[in-house]
Amino acid sequence: MTETPTPQPASTPTTHHPYGTPDTPHVTVRGEAHLEVDPELAHITITLTARGTDRRTTLDGLTHRNTTTLDLIKSYGDTIEKLETGTLTINPELTRHGRAERIRAYHGHIQLTATINDFTTLGELITRLADHDLTRIDGPWWSLRPTSPHHATARSQAVREALQRAREYAEALDTRLGALLELSDTGTHHTPLGRAAFAESMPYAAAAGGAEAANAAPINLEPVRQTIDAQVEASFTLIPPVLG
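Quantities reported herein were computed from a predicted structural model and do not represent experimental measurements.

For this particular structure, what's the right way to read the overall build of the protein?
Helix and strand counts for the protein stand at four helices and nine strands. Taken from N to C terminus, the helices and strands of the protein fall in the order β-β-α-β-β-α-β-α-β-β-β-α-β. When the 244 residues of the protein are sorted by exposure, 35% land in the buried category. Across the protein, the fraction of contacts at a sequence separation of at least 24, relative to all contacts at a separation of at least 6, is 85%.

How should I be thinking about unusual backbone geometry in this particular structure?
Among all residues save glycine, negative phi is the norm, and among peptide bonds the norm is trans. Along the chain, Gly139 connects to Pro140 via a cis peptide bond; the corresponding omega equals 0 degrees. Along the chain, the position of Pro140 falls in strand β5 (residues 135-143). Its identity is not glycine, yet Asp174 carries a phi of approximately 60 degrees, on the positive side. Counting through the fold element by element, Asp174 comes out in the loop between α3 (149-172) and β6 (177-190). A relative accessible area of 72% places Asp174 in the exposed class.

Help me understand the confidence of the model for the protein, please; the structure alone is not making it clear to me.
As a general rule, the predicted coordinates of low-pLDDT regions are not to be interpreted in detail. For the protein, per-residue confidence averages 83 on the pLDDT scale, and 80% of positions sit at 70 or higher. By mean pLDDT, strand β8 (residues 198-200) is the weakest element of the protein at 40, and α3 is the strongest at 96. Every residue in residues 11-16 is under pLDDT 50, and counting partners more than four places away or in other chains gives zero contacts. Considering only residues more than four positions removed or in separate chains, one finds that residues 193-213, a stretch of pLDDT under 50, has 45 contacts.

For this particular structure, what's the right way to read α3?
A rise of 1.5 Å per residue sets the reference length of α3, with its 24 residues, at 34 Å; its end C-alpha atoms lie 35 Å apart and thus fit the reference within 8%. Among the residues of α3, His151, Ala154, Ala158, Ala162, Ala166 and Ala170 are the ones counted as buried. Phi turns positive one or two residues past the end of α3, at Asp174, with a value near 60 degrees.

Just checking my understanding: could you explain the packing of aromatic side chains for this structure?
Here the distance between the centres and the angle between the planes together describe a pair of aromatic rings. Following the criterion strictly, the structure yields one aromatic pair and no others. Ring geometry for Phe119 versus Trp142: centroids 4.9 Å apart, planes at 85 degrees, classification edge-to-face. Of the two residues, Phe119 is situated in helix α2 (residues 119-130) and Trp142 in strand β5; the sequence distance between them amounts to 23 residues. When its relative accessible area of 24% is taken as the criterion, Phe119 is described as partly exposed.

Is there a simple way to explain the nonpolar core in this structure?
Soluble globular proteins: nonpolar side chains tend toward being buried together. Counting 23 residues, the largest nonpolar core has Ile44, Ile46, Ile116, Leu122, Leu125 and Leu129 as the members making the most contacts within it. Going through the elements one at a time, β2 (41-52), α1 (55-74), β4 (103-116), α2 and β5 are the ones with two or more residues in this core. Those residues within four positions of Ile44 in sequence are excluded, and the remaining contacts are Leu112, Thr113, Ala114, Ile116, Leu122, Leu125, Ile126, Leu129, Ile137, Asp138, Pro140 and Trp141. Counting residues in each nonpolar core, the second largest holds 18 residues, with Ala33, Leu144, Ala162 and Phe236 among its members.

When you look at the side chain of Ser235 in this model, what are you seeing that I'm missing?
On the secondary structure map, Ser235 appears in strand β9 (residues 226-238). Under the relative-accessibility criterion, Ser235 is labelled buried at 14%.

Explain α1 here, please?
Residues lying three or four places apart along an α-helix face the same way, a consequence of the helix completing one turn every 3.6 residues. The terminal C-alpha atoms of α1, which comprises 20 residues, lie 28 Å apart, in line with the 28 Å expected from a rise of 1.5 Å per residue. When we look at burial in α1, the residues that qualify are Thr58, Leu62, Arg65, Asn66, Thr69, Leu70, Leu72 and Ile73. Seen end-on, α1 carries its buried residues on one side only, within an arc spanning 160 degrees. Residues of α1 that are exposed and point over 90 degrees away from its buried face: Arg56, His64, Asp71 and Lys74. In the core, the buried residues of α1 are packed alongside β2, β3 (80-94), β4, α2 and β5.

Reading guide: rules and limits
Residues numbered from 1 in each chain as written. Predicted model: local features only at pLDDT ≥ 70, side-chain atom pairs only at ≥ 80, totals over all residues. Heavy atoms only, no water. Helix = DSSP H or I, 4+ residues; strand = E, 2+ residues; numbered from the N terminus. Buried < 20%, exposed > 50% of the residue type's maximum accessible area, 1.4 Å probe, protein only. Contact = heavy atoms within 4.5 Å. pLDDT = per-residue confidence, 0-100. Expected span 1.5 Å × (residues − 1). Phe/Tyr/Trp six-rings, centres within 6.5 Å; stacked < 30°, edge-to-face > 60°. Core = buried A, V, L, I, M, F, W, Y, C linked by side-chain atoms within 4.5 Å. Arc of directions from axis to C-beta.

Here is the structure:
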């Protein structure tokens, strides 16, 4: 006669306690870091303008001014990290009086952006650009590279501070940390680009400057220091303290 197997009780599922239990208490802390560092890059915007009584003359003038400016910027070699052309516009200017619409002149604009990694070069370049006719320079704006090691340094400091805080709480309870449960990056923030200066050339012919323009002293620029903020949250288990 075959024996019927005795039913076995179902296993009880393990209950997860996200907030800890008396046997495995948790502690959750925040770690923060605040760094102030020198910038690595400077950004400037160059706006070139041309004006003429007909479209072709205006376009030719703008093309010549653009070529001259690009050649000057590129002459600084590897100190120019990035050079880009933005918008180009040619706009007609209409007469204000009379029944018929007549074009009085044409205005041309072209915008360039340059990223420079040598701040001594930056002051000299801005001075030379400002000597050009009908050339406007905005900036500089300062920044760090996205791959800057300063970002990793801030994150590491935030983690170390979180660990130190957790240890201090454990010591206050006369116990020790057990294991790391979770580490969350709640954000690393870098201050917006800082604007330090603005330069604009006067609308005079470049030839009028003569030797004085060529020998103009570089503008002295003070870089704006950059602030990096990093925050993390960390959860640890504690060796159950003896309270009483």
